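# A structural walkthrough
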Amino acid sequence: GTCVSVYIPLSDTAAPISPVSMEPPAERQTPSPALSTANPALAAPSPFLKRRVLVVDDEPGLCDLACIWLQSIGHRPTGVNSPQEAMEHLRNEKFDILFTDVVMPGGMDGLALAEQAVKLQPELKILVTSGYADALQKTGDTHVIVLSKPYGRNELKDAIGKACLPHPAATPTA
């Protein structure tokens, strides 16, 4: 995983600097077993529970920022800078969400990565980001959530929540 420390001066005067943990409080680490066992409907994954997110962006600064934002809202991100690194993690670790840039160098773009990733982990939710998001949304693939660049923390939070909702085709009908 990636660990990032950010130091921001509060004033021009010198002061001791100490690292700040981005880890959420322990009581939010795991959902209450009483809630999930008392009602089977509550046992279904919530879009607001902590998720393992694989973040893939060839620009290290953007990758790190996305990881910081995801961690600040309670998720467990792992950041990598290439589709090849992502595939290695996907072969060895379980993730809930793949959050990837679309345009990346090296022969494999984010959409090809998503296609390969789902073969390894069929339950994986896919969230892609691009400066060309309008063109991507016209493809009509409802399994892929598209987040337009530039995006902020709240847009990322909303997109992660949307990605975790059950797919309409997967919802049982009465």
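This report concerns the structure included in the present document. (Residues numbered from 1 in each chain as written. Predicted model: local features only at pLDDT ≥ 70, side-chain atom pairs only at ≥ 80, totals over all residues. Heavy atoms only, no water.)

## Some remarks on the overall build of the protein
- Per the secondary structure count, the protein includes six helices and five strands.
- For the protein, the α and β elements follow one another from N to C terminus as α-β-α-β-α-β-α-β-α-β-α.
- Intrachain contacts of the protein at a sequence separation of at least 6 include 61% that bridge at least 24 residues.
- Roughly 10,900 Å² of accessible area belongs to the protein as shown, and the carbon and sulfur atoms make up 58% of that amount. (Helix = DSSP H or I, 4+ residues; strand = E, 2+ residues; numbered from the N terminus. Contact = heavy atoms within 4.5 Å. Areas by Shrake-Rupley, 256 points an atom, 1.4 Å probe, with all protein chains shown as cover.)

## Focus: empty space enclosed by the protein
- All chains considered together, the criterion is met by one cavity of 30 Å³ or more.
- By volume, the largest cavity amounts to about 50 Å³.
- Every residue along the wall of the largest cavity is listed here: Thr2, Cys3, Val4, Cys67, Ile68, Gln71 and Pro77.
- The dominant element in the lining of the largest cavity, judged by the number of residues it contributes, is helix 2 (residues 60-72), at three residues.
- Its residues assigned to classes, the lining of the largest cavity shows five nonpolar, two polar and no charged. (1 Å grid on protein atoms, 1.4 Å probe; cavity = no way out; pocket = protein on both sides within 12 Å on 5 of 7 lines; lining within 4 Å. Points joined across faces, edges and corners; volume = space filled by probe spheres on them. Nonpolar A, V, L, I, M, F, W, Y, C, P; charged D, E, K, R; others polar.)

## A look at the environment of Ser130
- With respect to the helices and strands, Ser130 occurs in strand 4 (residues 125-130).
- Of the residues examined, Ser130 reaches a relative accessible area of 3% and is grouped as buried.
- Along the primary structure Ser130 and Leu147 are separated by 17 residues, whereas in three dimensions their C-alpha atoms are 6.8 Å apart. (Buried < 20%, exposed > 50% of the residue type's maximum accessible area, 1.4 Å probe, protein only.)

## Concerning the side chain of His75
- Within the secondary structure, His75 sits in the loop between helix 2 and strand 2 (76-80).
- Within the local environment of His75, its side chain forms a polar contact with the backbone nitrogen of Arg51, the two atoms lying 3.0 Å apart. (Polar contact = N/O pair within 3.5 Å; in protein donor to acceptor, adjacent residues only side chain to side chain.)

## Description of the pairing of strand 5 (residues 144-148)
- Along strand 5, four of the five residues are buried, which leaves the element largely enclosed by surrounding structure.
- Examined bridge by bridge, strand 4 and strand 5 share five bridges and lie parallel to one another. Counted as the bridge partner of Thr129 is Leu147 from strand 5. (Pairing = 2+ DSSP bridges.)

## Some points on the side chain of Asp57
- With respect to the secondary-structure elements, Asp57 resides in the loop between strand 1 (52-56) and helix 2.
- At 2.9 Å, the side chain of Asp57 and the backbone nitrogen of Glu59 are in polar contact.
- Those residues within four positions of Asp57 in sequence are excluded, and the remaining contacts are Leu62, Cys63, Val80, Asn81, Asp101, Met104 and Lys149.

## Quick word on the packing of helix 3 (residues 83-92) against helix 4 (residues 110-120)
- The interhelical angle for the contact between helix 3 and helix 4, taken along N-to-C directions, is 10°, at an axis separation of 10 Å. Considering their axes alone, helix 3 and helix 4 lie roughly parallel with respect to each other. Across from Pro83, Ala86, Met87, Leu90 and Arg91 in helix 3, the residues of helix 4 making contact are Leu113, Gln116, Ala117 and Leu120. (Axes fitted to C-alpha atoms, helices over the stretch in contact; angles between N-to-C directions. Parallel < 35°, antiparallel > 145°, perpendicular 65-115°, else oblique.)

## Points about the environment of Met87
- By secondary structure assignment, the location of Met87 is in helix 3.
- Separated by 26 residues in the primary sequence, Met87 and Leu113 place their C-alpha atoms 7.7 Å from one another.
- What Met87 contacts, discounting residues up to four positions off in sequence, is Leu113, Gln116, Ala117 and Leu120.

## Notes on unusual backbone geometry
- Each neighbour pair has its own omega, and for Lys149 with Pro150 the value is -5°, a cis peptide bond.
- Structurally, Pro150 can be placed in the loop between strand 5 and helix 6 (153-164).

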